[in-house]
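# Coordinates in review
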Amino acid sequence: MTNVRAAMEFSFPGISLDIARLRNLLKNAMLLIGQAPRMSPCILNLACGRADETGALIDAWSVAGHGGEYLGLDLRHAEICEARRRWCGAWRPHGIVEFRVDDASLPHRLPGDRRHDFIFIRHQNYWDAPSTWDGIYRNALSLLKPDGFLFFTSYFDREHELALAALKSLGASLWLDIPHTASRMLTDAPGKSVDKRLAILGPPEGHIPFRIESLR
Ligand SMILES: C[S@@+](CC[C@H](N)C(=O)[O-])C[C@H]1O[C@@H](n2cnc3c(N)ncnc32)[C@H](O)[C@@H]1O
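Here is a short report on the structure shown in this document. None of the values given here were measured: they were computed from a predicted structure.

## Points about the overall build of the protein chain
The secondary structure content of the protein chain amounts to 5 helices and 7 strands. Listing every helix and strand of the protein chain by position from the N terminus yields α-β-α-β-α-β-β-α-β-α-β-β. Relative to the compact-globule value of 17 Å for 216 residues, the protein chain shows a C-alpha radius of gyration of 16 Å, a close match. Projected onto its principal axes, the C-alpha coordinates of the protein chain cover approximately 40 × 40 × 35 Å. By residue count, 40% of the 216 residues in the protein chain fall in the buried class. Sequence-distant contacts, at least 24 apart, represent 79% of the contacts inside the protein chain between residues at least 6 apart.

## Observations concerning the site of the ligand
Neighbouring residues of the ligand: 16 residues in total, closest Ala47, Gly49, Ala104, Arg122 and His123. Contributions of two or more residues to the shell around the ligand are made by strand E2 (68-74) and helix H4 (130-142). For the shell around the ligand, the class distribution of residues is 6 nonpolar, 5 polar and 5 charged.

## Re unusual backbone geometry
As a rule of thumb, non-glycine residues mostly have phi less than zero, and peptide bonds are mostly trans rather than cis. That bond from Arg92 to Pro93 is cis: its omega, 10°, falls within 30 degrees of zero. Examined against the element boundaries, Pro93 turns out to sit in the loop between helix H3 (77-87) and strand E3 (95-101). The phi dihedral of Ala51 falls on the positive side, at around 55°, and the residue is not glycine. Among the secondary structure elements, Ala51 is positioned in the loop between strand E1 (42-46) and helix H2 (54-61). Exposure remark for Ala51: the 25 C-beta atoms within 10 Å place this residue in the buried category.

Quick notes on the rules
- Residues numbered from 1 in each chain as written.
- Predicted model: local features only at pLDDT ≥ 70, side-chain atom pairs only at ≥ 80, totals over all residues.
- Helix = DSSP H or I, 4+ residues; strand = E, 2+ residues; numbered from the N terminus.
- Rg over C-alpha atoms; globule rule 2.2 N^0.38 Å.
- Buried ≥ 20, exposed ≤ 12 C-beta atoms within 10 Å, placed from the backbone.
- Contact = placed C-beta atoms within 7 Å.
- Near = placed C-beta within 6 Å.
- Nonpolar A, V, L, I, M, F, W, Y, C, P; charged D, E, K, R; others polar.

Okay, structure coming up:
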């Protein structure tokens, strides 16, 4: 059973399967870190682009019928408009889905009045602009509940390692770092693959019952 249904199909062939695989990956990762979906979670999707994964995140992290809040944020206006057309209203009657064009590296542009159960960054882009992403990661960690989690995926192994190092240097605690064995390979760059790696981190000084450093 799915908690949300998109108002329109995805724009590119293959995306539905990528998203189904990502949903499985997230659900399995939740089991691996010993976490259950939450009642009315507060979810933040940073640098979300078209936010194709919106339904998968809500399915993996919320309890059906109990709603919650979801905010997606990106610099790109066109992508945010497409995300709104597809997902706004998809989590009714109890869930709220919103999108905003904004800069996630600027703390005052983020919802500082609340803490989040789950923050997601799909295909983070650390090597493109390290100082910007340092800002995004710092903000993300500061917006987590003490028992909240930051999930991120990467297209490339090297980029993933750079992001992990940056987050660890900010004090984040690593819960899980796993390769996505069902990931679809892309041909536009060597070693690139959809959601190739997934990492899960907790906030600095979070209340951590146990920790898995790596499964590999
Ligand atoms: C590799 S794309 C990934 C997009 C989307 N998450 C996905 O998986 O399709 C990186 C995204 O980061 C966004 N981005 C870069 N810097 C940002 C910033 N300072 N604030 C918000 N979004 C940002 C870009 O606009 C772009 O959509």
